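The primary structure of each chain is shown beneath.
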Amino acid sequence: MNGNALWFVIFPYAAVVLCVGVSVLRAVQRPSTLTSRTSQLLEHRKLLWGSVPFHWGLLLVLGFHLLALLVPRGVEVWNAVPLRLFLLEATGLALALWALGGLAILLWRRSFDPRIRVVTTPMDQVVLWFLTVSIVTGILTAVLYRYGSFWFPSVFTPYLWSLLTLRPRPELVADLPWVVKLHVLAFFALLAVFPFSRLVHLLPVPLGYLTRPWQVVLWTRRPGEAAGPRR
């Protein structure tokens, strides 16, 4: 077994098995731990400025990656017009920089705010640094090896589908630059630590809120109590 097969076949499969297996075990045996354990009550201003750009920037960038995986031909058709290619690349880079700015605030908050450091675990720091490596290497890839949305569908999409169909083809990524490889490995490393971290709060997404009926909230006060805001 060569190093390429180890890092781009064995490691991805091990990360996925670990992510799914431990997440299910945690959801069944310790469902109350599927939470982000928010520290908003201790400090919320830096959390607001860091969390919003980080979450939205990262989710939108991941959405672009998912489009390239699911509809690679559609991405290629979109990129056939140079102006649309430049627009897609610029948007992706701007979102990644936005997410990195938010992540920097969150990392500084976890590392240097005395009240937040008390409730910060080593795994919190590990996740933040893995995310930093993932985003930074993604930005470097976009800057140094431009037009990733052009070559991603023809290089990474076949590789990822080979993993999903259990017919891995690590040779597809063997000759890629080390920055690009590190970007891929950081993603699978995040999958591996996912079930051991606060990231598991992504699992119980309250999608029921989108379809449930409106709740009627009645304001009550004791007889004879004057109208007005209650303390």
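How each quantity is defined
- Residues numbered from 1 in each chain as written.
- Predicted model: local features only at pLDDT ≥ 70, side-chain atom pairs only at ≥ 80, totals over all residues.
- Heavy atoms only, no water.
- Helix = DSSP H or I, 4+ residues; strand = E, 2+ residues; numbered from the N terminus.
- Buried < 20%, exposed > 50% of the residue type's maximum accessible area, 1.4 Å probe, protein only.
- Contact = heavy atoms within 4.5 Å.
- Areas by Shrake-Rupley, 256 points an atom, 1.4 Å probe, with all protein chains shown as cover.
- Core = buried A, V, L, I, M, F, W, Y, C linked by side-chain atoms within 4.5 Å.
- Salt bridge = Lys/Arg side-chain N within 4 Å of Asp/Glu carboxyl O.
- Patch = residues over 30% accessible without salt bridge, like charges linked within 9 Å, V, L, I, M, F, W, Y side chains within 5 Å.
- Phe/Tyr/Trp six-rings, centres within 6.5 Å; stacked < 30°, edge-to-face > 60°.
- Lys NZ or Arg CZ within 6 Å of the ring centre and 35° of its normal.

Engineer: Before we move on, could you go through the overall build of the protein chain and cite the residues and values that matter?
Structural biologist: Within the protein chain one finds eight helices and zero strands. Counting helices and strands in the order they occur from the N terminus, the protein chain gives α-α-α-α-α-α-α-α. Here the protein chain, with 231 residues, has 34% of them falling under the buried criterion. Taking contacts inside the protein chain between residues at least 6 apart in sequence as the whole, the part at least 24 apart equals 77%. Looking at the protein chain as shown, the accessible area adds up to about 15,200 Å², and 72% of this sits on carbon and sulfur atoms.

Engineer: Which residues make up the nonpolar core, and what values do they have?
Structural biologist: Ranked by internal contacts, the top residues of the largest apolar core, which has 20 residues, are F54, L103, V127, L131, I135 and F194. If you list the elements that add at least two residues to this core, you get helix 2 (45–70), helix 4 (82–112), helix 6 (122–144) and helix 8 (178–193). Tallying contributions element by element places helix 4 first for this core, with six residues. Those residues in contact with I135 that lie beyond four places of it in its chain are F54, L58, A96, A99, L100 and L103.

Engineer: Go over the pattern of salt bridges with me, naming the residues and quoting the values.
Structural biologist: Taken as a whole, this structure holds two salt bridges when the rule is applied. A salt bridge links E76 to R73; its shortest N-O distance comes to 3.5 Å. In this pair, E76 and R73 are both assigned in helix 3 (residues 72–79), three residues apart and thus about one turn of the helix distant. With a relative accessible area of 31%, E76 lands in the partly exposed category. According to the relative accessible area criterion, R73 is exposed, its value standing at 58%. Residues R169 and E171 are paired through a salt bridge, measuring 3.4 Å at the closest nitrogen-oxygen approach. On the accessibility criterion, R169 (39% relative accessible area) is partly exposed. You can call E171 partly exposed: its relative accessible area is 48%.

Engineer: Before we move on, can you summarise a nonpolar patch on the surface with the specific residues and values?
Structural biologist: A contiguous nonpolar patch, built from F64, L66, L67, L70, V71, W161 and L164 and spanning about 650 Å² of accessible area, is present on the exposed surface. Going through the elements one at a time, helix 2 and helix 7 (148–164) are the ones with two or more residues in the nonpolar patch. In this fold, F64 is placed in helix 2. Taking the relative accessible area as the measure of exposure, F64 reaches 31% and is therefore partly exposed.

Engineer: Which residues make up the packing of aromatic side chains, and what values do they have?
Structural biologist: With the rule as written, the count across this model stands at eight aromatic pairs. Each ring, one from F8 and one from Y159, has its centre 6.4 Å from the other, and the planes form 75°; the classification is edge-to-face. Highlighted residues: F8 in helix 1 (residues 3–29) and Y159 in helix 7, separated in sequence by 151 residues. Residue class for F8 comes out buried when judged on its relative accessible area of 5%. Relative to F188, the ring of F187 lies with its centre 5.3 Å away and its plane at 70°, an arrangement referred to as edge-to-face. In textbook terms, an aromatic cluster arises when at least three aromatic residues are bridged by ring pairs, as seen for F8, W151, F152, F156 and Y159. When the ring centre of W78 is taken as reference, the NZ or CZ atom of R84 above it lies at 5.0 Å.

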